[in-house]
Amino acid sequence: MPRLEIHQEKITDKKALIDICPFGALEEKDGVVSINAACKMCRLCVKKGPAGAVEYVEDAVKPTIDKEKWRGIAVFVDHVDGDIHPVTYELIGKARELAAVIHHPVYALFMGNEITGKCEELLHYGIDKVFVYDDPQLARFKIESYTTVFEDFINQNHPTAILVGATTVGRQLAPRVAARMRTGLTADCTVLEMDENTDLGQIRPAFGGNIMAHIMTPNHRPQMATVRYKVMNAPERQAEKSGVIEPCQIAADKLKARVDVLDIVKKAQEQTIEASDVLVVAGRGIKKQEDLQMLEELAELLGGQIACTRPLVEAGWVDAKKQIGLSGRTVRPKLIITCGVSGAIQFVAGMNHADCIVAINKDEKAPIFKTAHYCMYGDLYEVIPRLIEKIKAGKEAS
Amino acid sequence: MNILVCIKQVPASSKVEVDPITGVLKRDGADSKMNPYDLYALESALRLREVHGGTISVISMGPPQAKAVIREAFAMGADQGALLSDRNFGGADVLATSYTISQGIRKLGEFDLILCGKQTTDGDTAQVGPEVSEYLDIPSVSNVIKIEKVEDDGITVQMDLPNELEIAKVYYPCLLSVDKDIFQPRLPSYVRKTETKEREIPIYTLEDMGDKNKTHYGLNGSPTQVKRIFPPAVNDHREAWHGTAEELTGKLYDKISELKFI
C-alpha cells in the first residue's frame, strides 16, 4: 500500500517544502507538516524536497493478475444502424500496431441489430476476429444492455486491452464497462504504446493539456482507453478479406434496460469542423463580428470552413460547434490557418495534429508560433483581404 | 423528488506550467471555483424543484477547502450537502473516485435523480458520472440537452447524439449527465449566502463509508498509475515569414497552391 511518510526532523525549510506541492496538499499545523486529502501522490515533494524528508513507502504487495491469460487487442465498433464510425478503423490500425509488438490477435466487438451483413467490411482492415452480437434489443444504444454485452465479450475472450472511440456512445459506455470490470480507463489518449509484458502505455493531455501524462494499468486487465476521432491513422483498406466472423449469443433477459427509447429525431445535417480538410480559425485578433465574413469567404474559396477559439464562442459571435480546443472539438485538417489566435495550450491541444499549420499574428511572442509550421508575423487585416483578391484573380485567370 | 447533484472544486484557471529547470508543476493552488459544467446540473435541479418540489442535496469530494463549492451551491439554492474528504481518498483515479462518490451517495441518502455536469475542466474525462451509475446499479444517460417530461416513475429527456436527438424515458433512480446550455445557470444569491452561512456541512471520511476497506479508495483503489508527466512536445519544423503585406500574402498564396487547395 503506497503512502507518503514525513520525517519532520529532516525538513530544513517548512515553507519551502509546503510550496513544492502544486495541489496545496502539504500543510503545517502546530509546527508539524502533514499531508491532506488534496494529495495526488505525484511525489514531487519526494523528488524536490530535502533529501529523506518525505518518503514514498510501498509495503504491501499488490494482487497481481496473470497477464498470460489475457490475450488480444479489442476494438469497439462504433456505429449507428450499421454505419461504422471512421474512428473504428483508426483504432483498428492502432490495435494492429500494438498487437504486433506482443503477437496477439486483433478483435472487433460489434453489437447492434441487423448488423451481421455489415461485418464483412471490417475484414478488409486486418481484423483477426469480429465478435457479433446481433439482437433486436441492441438496436439503440442503451447503456445497461451494451455494458452487459461488453462484459460477456470480455469474460469469454479476455482481451488484454480494449480501445473505444471517444464518441458520444463510447464516452458513456467505456467508463460503465471499466467500472463493471473494476479496471482502469484512460480518456482521450493521444499516444498508445505496447510494452513486451503486455502493459499498455497510455499518454494523454492532463491539466487542460498543459502537461502530458503517461499512464499505466499495471495490475488490472483489461486495460481500457478511449481515443478521439482523428487522433490515430486509419489503415489502408485491403482488397482481400482476412479474419473470421463469430456470431455471439446472449440471453434476452440479460439485455433488459431501465430506459425506453421513445423517439429519434433527425437533426439537420451540417458539416462538422472535424470533417473539414481546411479550416480558417478566428481568434481574439478579430475586432468585430462582421469581420468574420472575410474569414468565411477565404474558407469557402479554399473549400473549407471557419472555426474559432473559445473567447469568440463566449462573445456569442460563433456557434459553439465551431470551437476548437479541449472544451470544443479536436480537429486534424490538412491545412489550418489561424488568424489572430494567440495559441492557448487548450486550443493547441485540439489542433496540433493538423498536417500543415499556418499562423497569422501581429504579436511575435504569441505561443501559437511554437506550434505553427509557418509563422506569419503580420496583420491579418492586411493579409486576408489581399489573399482573397489574389485567389479570386487566380481563379478567373485559369 | 429527491435530487442529488455531484459537484467538484476545480482550479480557477487551467494555466499550468512546468518549470523548465526544476521540472516542478507551477500551479496557483489558491484560486479555485466550482466546475463550470456543474452549474448546469445544479440549475437543472433547481428548475425541477421549482416545478415538482422536493429537496436538492449536493455532494463533493476533495480537500477540506472544497467546502467552498458546497457553500456556493447553498447560495444558489441547494438544501443540504456533504463533502467526502479523507487522506485515504487522495490520489484517486476515475475508478476509485467513482467508487468513493458512490459510497458517499449511499451514506447521504436515497435519491430519485442524480445529476452531474458533462465533465470537469481539470480532469476533462467525462467518465465519473457513468462509473458512479454503474456502482449504484442505476441507469444513466449522458449528453442530456433537454428535460421533456417528469413523471412519478421516471424522467423523459433528450439526448444529443452526433446526427440525431434521442428522446428516452429513464426510470428512477437514475443518473443524468447534462450538457452545457440545458439551462442558463443563475447567480448565487447574497441573501441565501448569508442565510446558509451557518449551515453545517458534514465531512465524510473512510470511517463513514459502508465499505471501510482502505484498498478500495484513493491511490490504492486506482488501477491506473501515472508513470511520469512531461511537457507537451513542441513542433520544431518552423518557418518564419516576415515582410510587407504583399510579400506575406504571396508566401501564403504559394503555400496554399503547393498544397493544392487552389
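Notes on the structure in this doc start here.

## Remarks on the overall build of chain B
Piece 1. Along its length, chain B carries six helices and 15 strands.
Piece 2. Each principal axis of the C-alpha distribution contributes one length, and for chain B these read about 65 × 45 × 40 Å.
Piece 3. For chain B, with 262 residues in total, the buried portion stands at 53%.
Piece 4. Taking as baseline every contact in chain B between residues at least 6 positions apart, the subset at least 24 positions apart corresponds to 69%.

## Description of the side chain of S85 of chain B
Piece 1. You can see S85 of chain B is positioned in the loop between β7 (80-84) and α3 (94-108).
Piece 2. At a separation of 2.8 Å, a polar atom in the side chain of S85 of chain B contacts the main-chain carbonyl oxygen of G62 of chain B.
Piece 3. If near-sequence neighbours (up to four positions away) are discounted, S85 of chain B is found in contact with A37 of chain A together with G62, P63, P64, I203, Y204 and T205 of chain B.

## Notes on the pattern of salt bridges
Should the charged atoms of two oppositely charged side chains come close, the side chains can pair.
Piece 1. With the rule as written, the count across this model stands at 33 salt bridges over all chains.
Piece 2. Close ionic contact of D19 of chain A with K15 of chain A constitutes a salt bridge, the shortest N to O distance being 2.7 Å. You can see D19 of chain A and its partner K15 of chain A sitting in helix α1 (residues 14-20), four residues apart, about one turn around the helix.
Piece 3. Look at D19 of chain A and you get partly exposed, because its relative accessible area is 49%.
Piece 4. Bridged by salt links that share partners, the residues R140 and K266 of chain A together with E164 and E166 of chain B form one connected network.

## Some thoughts on the packing of helix α1 (residues 36-52) of chain B against helix α2 (residues 67-76) of chain B
Residues and elements named next belong to chain B.
Piece 1. At a minimum axis distance of 11 Å, the contact between α1 and α2 shows a crossing angle of 35 degrees. Crossing hand, α1 versus α2: right-handed. Facing L39, L42, E43 and L46 of α1, the residues of α2 in contact are E72, A73 and M76.
Piece 2. For the contact of α1 with α2, a count of residues per class yields five nonpolar, no polar and two charged.

## So, the sheet that holds strand β19 (residues 305-308) of chain A
Piece 1. Strand order across the open sheet formed by six strands is β19(A)-β18(A)-β20(A)-β21(A)-β22(A)-β15(B), with parallel pairing between neighbours. Among the strands making up the open sheet, the edge pair consists of β19 of chain A together with β15 (239-241) of chain B. When strand polarity is set aside, the average angle formed by the axes of neighbouring strands in this sheet is 20 degrees.
Piece 2. Pairing analysis gives three bridges linking strand β22 (residues 374-377) of chain A to β15 of chain B, with the strands arranged parallel. Its bridge partner being in β15 of chain B, Y374 of chain A is matched across the sheet by E239 of chain B.

## Quick look at the interface of chain B and chain A
Where interface size is quoted, it is often the accessible area lost as the parts come together.
Piece 1. Opposite the 88 residues of chain B that make contact, chain A presents 99 residues.
Piece 2. When the buried surface of chain B facing chain A is broken down by residue, R87, E134 and F261 of chain B rank first, second and third, together holding 8% of it.
Piece 3. Inspection of the chain B/chain A interface yields eight salt bridges.
Piece 4. Linking E166 of chain B and R140 of chain A is a salt bridge whose minimum nitrogen-to-oxygen distance equals 2.9 Å.
Piece 5. Our count for the contact surface shared by chain B and chain A stands at 30 residue pairs in polar contact (both at pLDDT 80 or more).
Piece 6. For the side of chain B that touches chain A, the elements supplying multiple residues, two or more each, are α4 (128-136), β9 (140-150), β10 (154-160), β11 (164-171), β14 (225-230), β15 and α6 (245-258) of chain B.
Piece 7. The greatest single-element share of the side of chain B that touches chain A, amounting to nine residues, is contributed by α6 of chain B.
Piece 8. Each residue belonging to the side of chain B that touches chain A can be placed in one class, and the counts come to 39 nonpolar, 29 polar and 20 charged.
Piece 9. Two strands pair when backbone bridges link them, and strand β17 (residues 259-266) of chain A and β11 of chain B are joined in this way by seven bridges, in the antiparallel orientation.

## What to know about the pairing of strand β5 (residues 73-76) of chain A
For a regular strand, the rule is simple: side chains alternate between the two faces of the sheet.
All names here are of chain A.
Piece 1. Along β5, one buried face is formed by I73 and V75 and the opposite face, lined by A74 and F76, is buried too.
Piece 2. As judged from the four bridges shared by β5 and strand β8 (residues 106-112), these two strands associate in the parallel manner. Within the sheet, the bridge partner assigned to I73 lies in β8 and is V106.
Piece 3. Relative to strand β10 (residues 161-165), β5 runs parallel, the two being bridged by three bridges. By the bridge assignment, A74 is partnered in β10 with I162.

## Focus: the packing of α3 of chain B against α4 of chain B
Residues and elements named next belong to chain B.
Piece 1. It is at 8 Å that the axes of α3 and α4 come closest, and there the two elements cross at 55 degrees. Judged by the inter-axis angle, α3 sits oblique to α4. As for the relative orientation of α3 and α4, their crossing is right-handed in sense. Contacts from V94, L95, T97, S98, Y99, I101, S102, I105 and R106 in α3 reach V128, E131, V132, Y135 and L136 in α4.
Piece 2. Each residue belonging to the contact of α3 with α4 can be placed in one class, and the counts come to nine nonpolar, three polar and two charged.

Calculation criteria
- Along every chain, residues carry numbers that run from 1 in the direction the sequence is written.
- The lettering of chains begins at A and the numbering of ligands begins at 1, in the order of writing.
- Only residues with pLDDT of at least 70 are given local features in this predicted model, and only at 80 or more are side-chain atom pairs given and counted; all residues enter the totals for whole chains, interfaces and linings.
- For the side-chain quantities, the full set of heavy atoms in the structure was used; hydrogens and water were omitted.
- The numbering of helices and of strands both runs from the N terminus, where a helix is a DSSP run of H or I of at least 4 residues and a strand a run of E of at least 2.
- Exposure is judged per residue with a 1.4 Å probe applied to protein chains only, and the accessible area is read against the type maximum: over 50% gives exposed, under 20% gives buried, and values in between give partly exposed.
- Residues count as neighbours in contact if any of their non-hydrogen atoms are within 4.5 Å of one another.
- Two N or O atoms form a polar contact when they lie within 3.5 Å of each other; inside protein one atom must be a possible hydrogen donor and the other a possible acceptor, and for residues adjacent in sequence the pair counts only when both atoms belong to side chains.
- We define a salt bridge as a side-chain nitrogen of Lys or Arg found within 4 Å of a carboxyl oxygen belonging to Asp or Glu.
- For every element, the axis is a line fit to its C-alpha atoms; helices are fit only across the contacting stretch, and the angle between N-to-C directions ranges from 0 to 180 degrees.
- In this scheme, a crossing is called left-handed if the near helix is turned counterclockwise away from the far one by less than a right angle; it is called right-handed if the turn is clockwise.
- Basically, the charged four are Asp, Glu, Lys and Arg, the nonpolar ten are Ala, Val, Leu, Ile, Met, Phe, Trp, Tyr, Cys and Pro, and anything else, Gly included, counts as polar.
- Whether two strands pair depends on DSSP finding at least two bridges between them.
- Accessible area that two parts lose when put together, evaluated with a 1.4 Å probe and summed over both, is termed the buried area.
- Here roughly perpendicular refers to angles of 65 to 115 degrees, roughly parallel to angles under 35, roughly antiparallel to angles over 145, and oblique to all remaining angles.

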